[in-house]
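As a plain string of letters, each chain reads:
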Amino acid sequence: MTSRWKYVAKQLALIIIIALLACLFLAIGLMIGYSLIGDGHKPLSILSLDKWSELFNKFTGK
């Protein structure tokens, strides 16, 4: 019975690690795209909530 729980725990750990890596790569990609392709001078500013609300307002017309 415990070998099943160990298997489930390993699988959950793997899923969590993959999800964290995906979030990390998304953040790195956003920073690279904003600083190189966009007009951003500070790459970390794309991760702020103010910048995202500004982008949503721009695209929704509010």
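What counts as what
- Residues numbered from 1 in each chain as written.
- Predicted model: local features only at pLDDT ≥ 70, side-chain atom pairs only at ≥ 80, totals over all residues.
- Heavy atoms only, no water.
- Salt bridge = Lys/Arg side-chain N within 4 Å of Asp/Glu carboxyl O.
- Helix = DSSP H or I, 4+ residues; strand = E, 2+ residues; numbered from the N terminus.
- Buried < 20%, exposed > 50% of the residue type's maximum accessible area, 1.4 Å probe, protein only.
- Patch = residues over 30% accessible without salt bridge, like charges linked within 9 Å, V, L, I, M, F, W, Y side chains within 5 Å.
- Areas by Shrake-Rupley, 256 points an atom, 1.4 Å probe, with all protein chains shown as cover.
- Phe/Tyr/Trp six-rings, centres within 6.5 Å; stacked < 30°, edge-to-face > 60°.

Under an unreviewed UniProt entry, the name given to the protein chain is DNA-directed RNA polymerase subunit beta, and the organism recorded is Streptococcus didelphis.

Draft legend 1. Inspection of the pattern of salt bridges at higher detail. Per the counting criterion, the structure on display carries one salt bridge. We note a salt bridge from Glu54 to Lys51, for which the minimum N-O separation is 3.8 Å. Taken together, the residues span about one helical turn, with Glu54 and Lys51 both in helix α2 (residues 49-60) at a distance of three residues. In this structure Lys51 comes out as buried when scored by relative accessible area, which is 17%.

Draft legend 2. Region of interest: a nonpolar patch on the surface. Together, Ile17, Leu21, Leu24, Phe25, Ile28, Ile32, Leu36 and Ile37 line one region of the surface with nonpolar side chains, adding up to about 840 Å² of accessible area. In this structure, Ile32 sits in helix α1 (residues 2-37). Residue Ile32 is classed as partly exposed on the basis of its relative accessible area, which comes to 44%.

Draft legend 3. Inspection of the packing of aromatic side chains at higher detail. In total, this model carries one aromatic pair according to the counting rule given. A centroid spacing of 6.2 Å and a plane angle of 45° characterise the contact between Trp52 and Phe56, whose relative ring orientation is tilted. A residue pair is termed a helical-turn pair when its members lie 3 or 4 positions apart in one helix, as Trp52 and Phe56 do in helix α2 at four residues. Looking at Phe56, the relative accessible area reads 52%, which means it is exposed.

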